[in-house]
Amino acid sequence: MTQRALDSSGEQTPGPSRPAMIDAGAELDPVHPMEPPPPAHRPDGLSTAEVAERVARGEVNDVPVRSSRSVTEIVRANVFTRFNLIIGVLWVIMLFVAPIQDSLFGFVIVANTGIGIIQEWRAKKTLDSLAVIGEAKPTVRRDGVAAEISTSEIVLGDLVELGPGDKVVVDGTVAEADSLEIDESLLTGEADPVIKRAGDPVMSGSFVVAGGGAFTTTKVGREAYAAQLAEEASRFTLVHSELRSGISTILKYVTWMMVPTAIGLIISQLVVKDNNFKDSVARTVGGIVPMIPEGLVLLTSVAFAIGVVRLGRKQCLVQELPAIEGLARVDVVCLDKTGTLTEGGMDVTEVRPLNGSDEAHVQQVLRTLGASDPRPNASLQAIIDAYPAGDGAAAWTVTDAMPFSSARKYSGAAFEEADGTASAWLLGAPDVLLSEDDATLTEIEHLNEQGLRVLLLARAQGELDAPGAAAGAAPTALVVLEQRLRPDAGDTLAYFADQNVATKVISGDNAVSVGAVAGKLGLAGAENTLDARRLPADPDEMATAMERNAVFGRVTPQQKRDMVAALQSRGHTVAMTGDGVNDVLALKDADIGVSMGSGSEATRAVAQIVLLNNSFATLPSVVAEGRRVIGNITRVATLFLTKTVYSVLLAILVVCFQVEYPFLPRHLTLLSTLTIGVPAFFLALAPNKERAQPHFVRRVMRYAIPSGAIAAAATFATYLVARHYYSGEGALEAETSAATLTLFLVSMWVLAIIARPYTWWRIGLVAAMGLGFLIVLVVPWLQDFFALRLVGAPMPWTAVGIAVAAAALLEFTWRWVGRRFGA
């Protein structure tokens, strides 16, 4: 099994991952009452027959972890909505009392609902397929053989192996422990890792930070501690975001406005006015239907769903859908160096003996150090590759070993050498193992400035696990490592700089070395480095230091968390990328956590976005997708809500003036299709690189309310003028046609404003909608179908003149609002 390990600088290397996530904020009691006695340790694990027996009894980890809603839930969510119910009732009424053209709005709703179901179903298939690709494969020992299996295949009593970065997938009892340290912060909130020994309980949702071992499962399936939480947290969600909650708020207010207005309109048209009953019903429905911004919810769902599909094609798993939106709002990205800017592997370029040390002896120490760790990290693997174990290594006996810890910044081992001499050795960060005035640090500084990673091999004077083991260590050799830069990292950093997103590189490595690497990749401000050991503890001072510097080295896991909190305290929206166990705390607290697909199970458990292709270059695509969704939905929401505002105001004016409602449903269906429905669909899916802004409801309504008011006033003015101009049979149809012309022109001007900045296709879109309305006006059978016929010349030109005045007022209003409240 490929394990997840830490390297000697505080960074980490790839390992298996898991799409399910644990809700780190849940408050649960992690203590299981009445724990059963620990099972007897069986080093070979269960036999094949025992596994089959347990499967037959149902003692298997069969918790369904879904990354999306079921097809039934998708259909139910798209069909059974409040507005679909209202429109459905109105549609049925219109089918009985009016021609089919006045029932077109119902067919549009059916089509919209179908589109929503299809798009979300496509998103579901994408999410489910990605979840399978990235599913964790824990190593289980059966019949004495270790093999990777699916998490759902674990049975009660299985022996599951653990290594650094592995997540405990079910509850159990430790059977083997090799300096095993487990972090239970996702369950208890306590950040300090817990040392586990044989017989100690382990809980699902915790993860290994150092050492290794194995545990025997005691609770599987829904009985496991975090199973239900993981199932709920990993579901596809569409609702918890500022965008969707803002739309919900808008719809709530629309409902409050719509109900009394609709009642007043019904009374006005059916009681006060003594008209033809069926015609009155049709005009009443024509006044109610456009008040409902039914397409807004559809377009938001479609935009999100298409975003999932687009990102899925780029091997990006969005575990929480609003993360697309959240990353678009980010203004600071904190990057972990290893696995993000650099690839996991390294190469030993040089070993420099110190203080007259024998080079052959140093090589033997390094060779034996490599053989002492069954789960080598990136640094140690590079040493193993350079000095593979041979006959010489066999002559030395490993008597003790200490795994690497990101808090310590070093690892170690004790040997009995070939001549019987006992020795203990430490391998880790030079500036941690050496005193600040050591002359060797100057030499190391020059190497760090070249972007090289340097480890110090030192001989310990006492026991490995003694509190001051590193204090009196004797420097013996420098191990110089070269890191492999990701070829796409430079372009990605340039993208964030172009988008005015600040980039902070946070690493456990030496700050100067990290700065040199960042400088090679073109990071702006890479020369502004800071050793995190000198970082102020005060949150406000820390935030100031974070804003002034771009590169931070020797950062502990807890400091990463504090740094994220400090930036958030200054109002920044922070994204944190990482792939190792030392990034989990920061990923959990960041506004958006991004994990590499090859990252540890623990990082994937708390990240909202997982880059399955392990490419940092995918991140700009996620940002762009989020900005496209938010920016475009803000645009089209203004279109939809302008219609709602002018529909409500027109209904109020009709009630107040005690006149017939000017429009039939077919008129507003035509206008909605040409000025809102079709253009909104294209605008919602268009590219958009604007950074997402907060206060969605306020930003939409400050344009929609004045636009709707101007459209309603202009339309009603034309209608009143036409009522005085026309008389006799057919007057109402002529009045309606003039009012429709004004409303169409004003609505087209709103569309023209929203479509800015213009591109060839945006101009073509607006022109095509205008052409569509012109065709209706000039084609005789379309005139009859939509009951639109302009009579005479004076009144139509009057309608155009009123629309032009309204358009000028719209331009002034939009510019004033932009200056007064910001764009």
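Look up a bit, the structure's there.
The following refers to the structure shown. (Residues numbered from 1 in each chain as written. Predicted model: local features only at pLDDT ≥ 70, side-chain atom pairs only at ≥ 80, totals over all residues. Heavy atoms only, no water.)

Re the overall build of the protein
Point 1. Check the secondary structure of the protein and you find 28 helices and 23 strands.
Point 2. The proportion of buried residues among the 823 residues of the protein is 59%.
Point 3. Taking the contacts inside the protein whose residues are at least 6 apart along the sequence as the reference set, 74% of them involve residues at least 24 apart.
Point 4. Accessible surface for the protein amounts to roughly 31,700 Å². Of this, 59% is attributable to carbon and sulfur atoms. (Helix = DSSP H or I, 4+ residues; strand = E, 2+ residues; numbered from the N terminus. Buried < 20%, exposed > 50% of the residue type's maximum accessible area, 1.4 Å probe, protein only. Contact = heavy atoms within 4.5 Å. Areas by Shrake-Rupley, 256 points an atom, 1.4 Å probe, with all protein chains shown as cover.)

With respect to a nonpolar patch on the surface
Point 1. Taken together, the side chains of Val71, Val75, Val79, Phe80 and Trp121 present a nonpolar region at the surface, about 450 Å² in accessible area.
Point 2. Top contributing element to the nonpolar patch by residue count: helix 2 (residues 71–79), with 3 residues.
Point 3. Mapped onto the elements, Val75 comes out in helix 2.
Point 4. For Val75, a relative accessible area of 33% puts it in the partly exposed group. (Patch = residues over 30% accessible without salt bridge, like charges linked within 9 Å, V, L, I, M, F, W, Y side chains within 5 Å. Salt bridge = Lys/Arg side-chain N within 4 Å of Asp/Glu carboxyl O.)

Things to note about the side chain of Thr675
Point 1. On the secondary structure map, Thr675 appears in helix 23 (residues 665–684).
Point 2. Classification of Thr675 by relative accessible area gives buried; the value is 1%.
Point 3. Looking at Thr675, its side chain comes within polar contact range of the main-chain oxygen of Leu671, at 2.6 Å.
Point 4. For Thr675, the contacting residues outside a window of four places in its chain are Leu639, Phe744, Ser747, Met748 and Leu751. (Polar contact = N/O pair within 3.5 Å; in protein donor to acceptor, adjacent residues only side chain to side chain.)

Let's talk about the environment of Glu541
Point 1. Residue position: Glu541 is located in helix 18 (residues 539–548).
Point 2. Sequence separation between Glu541 and Ala566 is 25 residues, and the spatial gap between their C-alpha atoms is 8.6 Å.

Digging into the environment of Gly45
Point 1. In this fold, Gly45 is placed in the loop between strand 2 (12–13) and helix 1 (48–56).
Point 2. Through-space distance from the C-alpha of Gly45 to that of Gly157 is 8.0 Å; in sequence the pair is 112 residues apart.
Point 3. Setting aside chain neighbours within four positions, we find Gly45 in contact with Arg141 and Leu159.

A word on the packing of aromatic side chains
The relative placement of two aromatic rings is captured by the distance of their centres and the angle of their planes.
Point 1. Inspection of every chain in the model, using the stated rule, returns 12 aromatic pairs.
Point 2. For the pair Phe496 and Phe616, a centre-to-centre distance of 6.3 Å together with 35 degrees between the ring planes defines the contact as tilted. In this pair, Phe496 is assigned in helix 16 (residues 489–498) and Phe616 in the loop between strand 23 (609–611) and helix 22 (619–657), connecting sequence segments 120 residues apart.
Point 3. Owing to a relative accessible area of 2%, Phe496 belongs among the buried residues under this scheme.
Point 4. Assessed through its relative accessible area of 0%, Phe616 is described here as buried.
Point 5. Members of the aromatic cluster, connected to one another through ring pairs, are Tyr495, Phe496 and Phe616.
Point 6. Sitting over the face of the ring of Tyr253, Lys252 holds its NZ or CZ atom 5.6 Å from the ring centroid. (Phe/Tyr/Trp six-rings, centres within 6.5 Å; stacked < 30°, edge-to-face > 60°. Lys NZ or Arg CZ within 6 Å of the ring centre and 35° of its normal.)

So, helix 28 (residues 794–821)
Point 1. With 28 residues, helix 28 ought to run about 40 Å at 1.5 Å a step, and its terminal C-alpha atoms sit 40 Å apart, in line with that.
Point 2. Listing the buried residues of helix 28 in full gives Met795, Pro796, Ala799, Ala803, Ala806, Ala807, Leu810, Glu811, Thr813, Trp814 and Val817.
Point 3. Among the structural elements, helix 22, helix 24 (696–725) and helix 25 (731–754) are those in contact with the buried residues of helix 28. (Expected span 1.5 Å × (residues − 1).)

Some remarks on the sheet that holds strand 11 (residues 332–336)
Point 1. Judged by pairing direction, the sheet is mixed, and its 8 strands sit side by side in the order 10-23-22-21-11-18-20-19 without closing on themselves. The sheet is open, and its two edges are formed by strand 10 (316–318) and strand 19 (529–531), each paired on a single side. Along the sheet, successive strands turn relative to each other by an average axial angle of 20 degrees, direction set aside.
Point 2. For strand 22 (residues 592–596) and strand 23, the ladder comprises 3 bridges, and the chain directions are parallel. Paired with Met596 across the strands is Leu611, a residue of strand 23. (Pairing = 2+ DSSP bridges. Axes fitted to C-alpha atoms, helices over the stretch in contact; angles between N-to-C directions.)

Observations concerning the pairing of strand 4 (residues 145–148)
Point 1. Strand direction decides the pairing type here: strand 3 (residues 139–142) and strand 4, joined by 4 bridges, are antiparallel. For Arg141, the partnering residue across the bridge sits in strand 4 and is Ala146.
Point 2. Remark: 2 residues form the turn of the hairpin made by strand 3 and strand 4, two consecutive strands paired antiparallel; Asp143 in that turn has positive phi of roughly 55 degrees.

Observations regarding the pattern of salt bridges
Point 1. Applying the stated criterion to the full structure yields 22 salt bridges.
Point 2. Residue Asp589 pairs with Arg561 through a salt bridge whose shortest N-O separation is 2.6 Å. Taken as a pair, Asp589 in helix 20 (residues 584–589) and Arg561 in helix 19 (residues 557–569) lie far apart in primary sequence, 28 residues in all.
Point 3. Given the relative accessible area of 29%, Asp589 is considered partly exposed.
Point 4. Arg561 gets classed as buried once you look at its relative accessible area, which sits at 16%.
Point 5. A salt bridge links Glu811 to Arg815, with the nearest nitrogen and oxygen atoms 3.5 Å apart. Residue Glu811 and its partner Arg815 are both found in helix 28; the two are separated by 4 residues, about one turn of the helix.

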